[in-house]
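Below, each chain spelled out in residue letters.
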Amino acid sequence: MARKRTAARKEKEKRSAAATASPIRFEFSAPRFALILAVIVALGWLLRLNDLGADPPGTLSWSQGPFTDGAVVLHDARNKVL
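A few points about the overall build of the protein
Scanning the protein for helices and strands turns up four helices and zero strands. Listed N to C, the secondary structure of the protein is α-α-α-α in terms of helices and strands. Looking at the protein as a whole, 1% of its 82 residues qualify as buried. Surface accessibility of the protein: about 8,100 Å² in total, with carbon and sulfur atoms responsible for 65%.

The following block contains the structure:
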């Protein structure tokens, strides 16, 4: 009798655990991470090597300040008009 209860209890626990567990399980191990990282880096290099002449314009600012600071843009526009 005790065995039946234990087996039934174990079966019930399995069912409740299966119901609460997520259907998609993804193990993220170190080799898988290294492979994904290598693929991303390789794709980046392939995109860069695709067209080596595609450089940014020489007037491009690293700070992006001239393009995002409204007061500077407004001041430049005023100076051009005057």
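Comments concerning a nonpolar patch on the surface
There is a patch of nonpolar side chains on the surface, built from F28, F33, I36, L37, I40, V41, W45, L49 and L52 and spanning about 920 Å² of accessible area. Tracing the chain through its elements places F28 in the loop between α1 (2–20) and α2 (30–50).

A few points about the environment of R48
Along the polypeptide, R48 turns up in helix α2. Setting aside chain neighbours within four positions, we find R48 in contact with A54 and D55.

Thresholds applied
Residues numbered from 1 in each chain as written. Predicted model: local features only at pLDDT ≥ 70, side-chain atom pairs only at ≥ 80, totals over all residues. Heavy atoms only, no water. Helix = DSSP H or I, 4+ residues; strand = E, 2+ residues; numbered from the N terminus. Buried < 20%, exposed > 50% of the residue type's maximum accessible area, 1.4 Å probe, protein only. Areas by Shrake-Rupley, 256 points an atom, 1.4 Å probe, with all protein chains shown as cover. Patch = residues over 30% accessible without salt bridge, like charges linked within 9 Å, V, L, I, M, F, W, Y side chains within 5 Å. Salt bridge = Lys/Arg side-chain N within 4 Å of Asp/Glu carboxyl O. Contact = heavy atoms within 4.5 Å.

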